[in-house]
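Each chain, letter by letter, is given below.
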Amino acid sequence: MSNIIERETKTSLPAQASESTALLSMIERVCLDPSADIEKLDRMLQMQEKVLDRNAKQAFAADFAAMQISLPRIAENGVGHNKAKYALLEDINDAVRPVLHANGFGISFSIEQTNNSVTTRAKLSHRLGHFEETVLTLP
């Protein structure tokens, strides 16, 4: 199955690059025209930004799907107050970070604390700039 995903990703990248190159070429021509309409140029730049965002989202989705096959099972070495077993954060980190890196991903966390709660944000970023964020607030 990963071979199918790899083939789809590899075949879509040239199409994305040529689409982006064509749009940049058009923007360049408009910029060189002394009678160019600034509003038209602005709309073209917005279109280019949308194309880049869409391409980044598609690459994120394809690489994320391909990466999932490589994610390891992690031993549950921790024991909670209710005797439930869980995977330790350091074990998760050691097992997952190399897989994330190999697939063009990085992960970061931030924590905000108030008198009544703690909020943790996890941000999964892709090499082309798209990211997804999850927020968890606990008392």
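Residues numbered from 1 in each chain as written. Predicted model: local features only at pLDDT ≥ 70, side-chain atom pairs only at ≥ 80, totals over all residues. Heavy atoms only, no water.

Looking now at the packing of aromatic side chains. Each aromatic ring pair is characterised by the separation of its centres together with the angle its planes make. Scanning the entire structure with this criterion turns up three aromatic pairs. For the ring pair F60 and F64, a centre distance of 6.0 Å and an interplane angle of 5 degrees mean the geometry is stacked. Placement of the pair is F60 and F64 together in helix α2 (residues 38–68), with a separation of four residues, close to one helical turn. Classification of F60 by relative accessible area gives buried; the value is 4%. According to the relative accessible area criterion, F64 is partly exposed, its value standing at 29%. (Phe/Tyr/Trp six-rings, centres within 6.5 Å; stacked < 30°, edge-to-face > 60°. Helix = DSSP H or I, 4+ residues; strand = E, 2+ residues; numbered from the N terminus. Buried < 20%, exposed > 50% of the residue type's maximum accessible area, 1.4 Å probe, protein only.)

Turning to the pattern of salt bridges, a few remarks are in order. Taken as a whole and assessed by the stated rule, the structure comprises three salt bridges. Linking R121 and E112 is a salt bridge whose minimum nitrogen-to-oxygen distance equals 3.4 Å. Classification of R121 as partly exposed rests on a relative accessible area of 28%. With a closest N to O distance of 3.8 Å, R121 and E133 form a salt bridge. One end of the pair, R121, is in strand β4 (residues 118–126); the other, E133, is in strand β5 (residues 131–138), and 12 residues separate them in sequence. One continuous salt-bridge network, built from bridges that share partners, spans E112, R121 and E133. (Salt bridge = Lys/Arg side-chain N within 4 Å of Asp/Glu carboxyl O.)

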